[in-house]
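Structural description and commentary
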Amino acid sequence: MRSFHPSDVVRAAEAPLLESLPEGTLMRRAAYGLARVVASELRERTGGIAGRRVSLLVGSGDNGGDALWAGTFLRRRGVSVTALLLDPDRAHPAGLRALRKAGGRIVPATPEHLGDPDLVLDGIVGISGRGPLRPAAAALVDEITAPIIAVDIPSGVDPDTGAVDGPAITAAVTVTFGAYKPVHALGATRCGRVELVDIGLTLPEAGLVAAEPSEIGAIWPVPGAEDDKYSQGVVGVRAGSARYPGAGVLCTGAAVAATSGMVRYAGSGASEVLARFPEVVVSPSVAETGRVQAWVVGPGAGTDDEACANLRDILATDLPVLVDADGLTLLAREPGLVRGRSAHTLLTPHAGEFARLTGNRPEPDRVAAVRSLAADWGVHVLLKGRATLVARPDGHVFVNDAGGSWASTAGAGDVLAGVIGSLLSSGMPVDLAAAAGARAHALAANLAAQDPKSPGAAPTSASAILSRLGDSIRLLRTHIAES
Ligand SMILES: NC(=O)C1=CN([C@@H]2O[C@H](COP(=O)(O)OP(=O)(O)OC[C@H]3O[C@@H](n4cnc5c(N)ncnc54)[C@H](OP(=O)(O)O)[C@@H]3O)[C@@H](O)[C@H]2O)[C@@H](O)CC1
Ligand SMILES: Nc1ncnc2c1ncn2[C@@H]1O[C@H](COP(=O)(O)OP(=O)(O)O)[C@@H](O)[C@H]1O
Ligand SMILES: [K+]
């Protein structure tokens, strides 16, 4: 698992090292790692290091100190370094002395001093920064055309929530120290590639984690020698309606693709489902559906009296239940239906549905919001988006950065519900099923946007995502062999 630690935890972990090590050791350790990444980026992008130009944006805190020390190390490799000081009287004194001694140029932070660098280092603010870039920094950043390497975090992006509320850095690479911070998962589009430099911190267990592809590949259920269609879990899907038959087809098809057991469909879209997926066992109603080990209820299922009665009946079982879409709209009116269930419930809202359930949108602190709903209702919650979050009632959260936004298309959520439902029926713990499903779904969306015959990517659709699920699971499972 990759762990993400909030800034107060990182600061607390730094404290004993700051006490025990000679002054400046930790910063120079961080800056040395940073300089190595910058040097390799220079080589990769320009073919060399000596004689290349790097500009440093230097703020008033230790983040600026990191940039100044990295500039010092780069000078020793023949790089031409210019430090632009945003607050000259407060720039890190030791870093400033070292860079000056190493032959760096030190200038005020105005656009005319920006020059034409090969790379820019963002040392404006680190984990103590709050709010957007201030006007002088924002004006300078506006003029930059070179790729930016963010020091620790991209300045202007909240380190703990990834929220952006005004001008902020968009980095090609972020080099972070000691620990990944929440922003590196929650604000991935601002961070670019993230490199971690070990500075020797000892950290507590994290409350926000991401599963590695190999870990998901390793737990993905596949049939064994003793298995049959029932032993691997049967999922019941109550989705689709006369108005939205497609939701039933997409959700059921995704459940079929995700695992090898059996899928039962209950609802009025049975003939559409069968036409596309003849392996599904259909029945016209929930009551007439055979035994299942988990239920998915809600995608396109309507909000009429029958849909409501079905939701009640399904939630009255002692089986794990995933509630999505129309099911969430019904639940918002009657939250009591999930309280005190003997089995787990997973709610899978997008931001709008989240607001329907709680009265508030989840931003800007999406992790806190999803934790609070999960704890208050005693359920698991998957909050959709570019960074999908999965919260357990005990506050533990999985994050999955989709690595792209191709899944932002109608019906993609129906596919996600089917995948996770299938995993739930296999007996996988709810948080892992949700996290693994989100990962496979996001990967399938990225694959669907690509074409092996031509480079680049193009808009895709829910049907295409569904058709690439198998490839996505195969890819995740090949990571087991590689790791
Ligand atoms: N501790 C360690 O051992 C190690 C720490 N390390 C490094 O230190 C970094 C943390 O450094 P830090 O705590 O000095 O604060 P940092 O984030 O540089 O700047 C905050 C200052 O900026 C200001 N400011 C605030 N918001 C702003 C805004 N929006 N726009 C502009 N300015 C803003 C605010 O001052 P103000 O102007 O408000 O008085 C505040 O004082 C950390 O991320 C890592 O890079 C590494 O060297 C490893 C070892
Ligand atoms: N900007 C985005 N980047 C990446 N993934 C996204 C983005 N927006 C939505 N998604 C994903 O696409 C799916 C959309 O689900 P949902 O909103 O329920 O759509 P629908 O109801 O049309 O099926 C979810 O898996 C969500 O995480
Ligand atoms: K920074």
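Residues numbered from 1 in each chain as written. Chains lettered and ligands numbered in written order. Predicted model: local features only at pLDDT ≥ 70, side-chain atom pairs only at ≥ 80, totals over all residues. Heavy atoms only, no water.

**A word on the pattern of salt bridges**
For the record, the criterion: Just to be clear on terms, a salt bridge is a Lys or Arg side-chain nitrogen sitting within 4 Å of an Asp or Glu carboxyl oxygen. Numbering of helices and strands runs from the N terminus; a helix is a DSSP stretch of H or I covering at least four residues, while a strand is a stretch of E covering at least two. Burial here depends on accessible area, computed with a 1.4 Å probe over protein chains only, as a share of the maximum for the residue type. Under 20% is buried, over 50% is exposed, and the range in between is partly exposed.
Considering all chains together, one arrives at 18 salt bridges under this definition. Among the ionic pairs, Arg 193 bridges to Glu 41, the shortest N-O distance being 2.9 Å. Pair noted here: Arg 193 is in strand 8 (residues 193–197) and Glu 41 is in helix 2 (residues 25–46), with a separation of 152 residues, a long-range link. Here Glu 41 falls in the buried class, since its relative accessible area comes to 5%. Members of the salt-bridge network, linked through shared partners, are Glu 41, Arg 45, Arg 193 and Glu 195.

**Here we look at the site of ligand 2**
The condition is simple: In these notes, residues near a molecule or strand are those with any non-hydrogen atom within 4 Å of it. We define a polar contact as two N or O atoms separated by no more than 3.5 Å, with the added condition that, inside protein, one atom must be a possible hydrogen donor and the other a possible acceptor, whereas residues neighbouring each other in sequence contribute only through side-chain atom pairs. Cavities and pockets were defined on a 1 Å grid built from protein atoms only: a cavity is a group of points that admits a 1.4 Å probe but offers it no way out, a pocket is an open group of points flanked by protein on both sides within 12 Å along at least five of seven lines, and a lining residue is one with an atom within 4 Å of any such point. Throughout, a molecule is located in a cavity or pocket provided that more than half of its atoms lie within 2 Å of its grid points. Under the convention adopted here, Pro, Cys and the residues Ala, Val, Leu, Ile, Met, Phe, Trp and Tyr are nonpolar, Asp, Glu, Lys and Arg are charged, and Gly plus all remaining residues are polar.
In the vicinity of ligand 2 lie 17 residues, with Lys 384, Ser 405, Ala 407, Gly 411 and Gly 413 positioned nearest. Between an oxygen atom of ligand 2 and a main-chain N or O atom of Gly 385, the distance comes to 3.0 Å. The pocket occupied by ligand 2, as judged from atoms lying within 2 Å of grid points, is the second largest pocket. Per element, the largest residue contribution to the shell around ligand 2 is 4 residues, and it comes from helix 15 (residues 412–425). Here the shell around ligand 2 is composed, by residue class, of 5 nonpolar, 9 polar and 3 charged.

**Some details on the coordination of the potassium ion (ligand 3)**
To be explicit about the condition: Donor selection uses N, O and S atoms within 2.8 Å of the metal (3.2 Å for Na, K and Ca). Since no water is included, sites may look incomplete.
In the first shell of the potassium ion (ligand 3), the protein supplies Asn 63 (OD1), Asp 122 (O), Val 125 (O), Val 151 (O), Ile 153 (O) and Ser 155 (OG), at 2.6 to 3.0 Å from the metal. Spacing between the donor residues of the potassium ion (ligand 3) along their common chain follows N-x58-D-x2-V-x25-V-x1-I-x1-S. Here Asp 122, found in strand 5 (residues 119–123), pairs with Val 151, found in strand 6 (residues 148–151); they are 29 residues apart in sequence, far enough to count as distant.

**Brief notes about the UniProt feature "binding site: K(+)" (unreviewed entry) in the protein chain**
To keep it simple, the criterion reads: UniProt positions are given in the numbering used here, feature names are shortened, and annotations may be inferred rather than shown by experiment. Note on definitions: a residue-residue contact is assigned when non-hydrogen atoms from the two residues lie within 4.5 Å.
Feature annotation in UniProt assigns "binding site: K(+)" (unreviewed entry) to the following positions: Asn 63, Asp 122 and Ser 155. For this annotated set, covering 93 residues, all C-alpha atoms fall within 9.7 Å of each other, a compact arrangement in space. Residues from the annotated list that form part of the lining of the largest pocket: Asn 63. A relative accessible area of 0% places Asp 122 in the buried class. Once residues lying within four places of it in the same chain are set aside, the contact partners of Asp 122 are Leu 57, Asn 63, Ile 148, Ile 149, Ala 150, Val 151, Ile 153, Pro 154, Ser 155 and Ile 169. Side-chain polar atoms of Asp 122 contact the backbone nitrogen of Ile 124, separated by 3.0 Å.

**Overview of helix 9 (residues 245–258)**
Quick note on the threshold: Take the residue count of a helix, subtract one, and multiply by 1.5 Å to get its expected span.
With 14 residues, helix 9 should cover 20 Å at 1.5 Å per step; its first-to-last C-alpha distance of 20 Å lies within 8% of that length. Taken together, the buried positions of helix 9 are Ala 247, Gly 248, Val 249, Leu 250, Cys 251, Thr 252, Gly 253, Ala 254, Ala 255 and Ala 258.

**Structural notes on the packing of aromatic side chains**
For clarity, the threshold we go by: Geometry of aromatic contacts follows a simple scheme: Phe, Tyr and Trp rings, the Trp one being its six-membered ring, pair when their centres are within 6.5 Å, and the pair is stacked under 30 degrees between planes, edge-to-face over 60, tilted otherwise.
Per the counting criterion, the structure on display carries 3 aromatic pairs. Between Phe 4 and Tyr 180, the ring centres sit 6.0 Å apart and the planes meet at 55 degrees, which makes this aromatic pair tilted. Taken together, the residues span a long stretch of sequence, with Phe 4 in strand 1 (residues 2–4) and Tyr 180 in the loop between strand 7 (173–177) and helix 6 (183–186) at a distance of 176 residues. Look at Tyr 180 and you get buried, because its relative accessible area is 12%.

**A look at the packing of helix 9 against helix 15**
In plain terms, the rule: Convention adopted: a line fitted to C-alpha atoms gives each axis, helices being fitted over their contacting stretch, and angles between N-to-C directions are expressed from 0 to 180 degrees. For this classification, under 35 degrees means roughly parallel, over 145 means roughly antiparallel, 65 to 115 means roughly perpendicular, and everything else is oblique. If you view the pair so one helix is near and one far, a crossing is left-handed when the near helix is turned anticlockwise from the far one by less than a right angle, and right-handed when it is turned clockwise.
Where helix 9 contacts helix 15, the axes come no closer than 7 Å and their chain directions differ by 40 degrees. If you check the angle between helix 9 and helix 15, you find them oblique. Two packed elements cross with a definite hand, and for helix 9 against helix 15 that hand is right-handed. The residues of helix 15 that touch helix 9, namely those facing Ala 247, Leu 250, Cys 251, Ala 254, Ala 255 and Ala 258, are Asp 414, Val 415, Ala 417, Gly 418, Val 419 and Ser 422. The class makeup of the residues in the contact of helix 9 with helix 15 is 9 nonpolar, 2 polar and 1 charged.

**Regarding the domain arrangement of the protein chain**
Our working rule: What counts as a domain boundary in this text is fixed by an automatic or database domain assignment. Buried area: the accessible area, evaluated with a 1.4 Å probe, that two parts lose upon being put together, summed over both parts.
If you check the domain split of the protein chain, you get domain 1 (2–206) and domain 2 (213–482). Centre-to-centre, using C-alpha coordinates, domain 1 lies 40 Å away from domain 2. Taken residue by residue, the interface counts 8 residues in domain 1 and 9 residues in domain 2. Buried area between domain 1 and domain 2, both sides added, is near 610 Å², and the carbon and sulfur share of it is 71%. Of all residues in domain 1, Thr 161, Ala 185 and Leu 186 give up the largest surface area on contact with domain 2, accounting jointly for 54% of the area buried on that side.

**A word on the side chain of Asp 158**
How we decide: His is not counted, nor are the chain ends; Lys and Arg add positive charge and Asp and Glu add negative charge.
On the secondary structure map, Asp 158 appears in the loop between strand 6 and strand 7. Buried charged residue Asp 158 carries no salt bridge. Nearest counter-charge: Arg 130, at 4.3 Å. A distance of 2.9 Å separates the side chain of Asp 158 from the backbone nitrogen of Asp 160, its partner in a polar contact. Excluding residues within four positions of it along the chain, Asp 158 makes contact with Arg 130, Ala 163 and Val 183.

**Here's the deal with the pairing of strand 2 (residues 53–58)**
When a strand is regular, its side chains alternate between the sheet's two faces. Using the following cut-off: Pairing between strands requires that DSSP locate at least two bridges from one strand to the other. Here a crossover is taken to be right-handed if, once the strands point away from the viewer, the path from the first strand over the helix to the second is traced clockwise.
The element strand 2 is extensively covered by neighbouring structure, given that 5 of its 6 residues are classed as buried. As defined by bridge partners, strand 2 adjoins strand 3 (residues 80–85) across 6 bridges and the pair is classed as parallel. Across the sheet, Val 54 pairs through a bridge with Val 81, a residue of strand 3. Regarding the hand of the β-α-β motif, the stretch spanning strand 2, helix 3 (residues 62–75) and strand 3 is right-handed. Sheet topology places strand 2 next to strand 5; 5 bridges connect them, and they run parallel. Within strand 5, the position partnered with Ser 55 by the bridge is Val 120.

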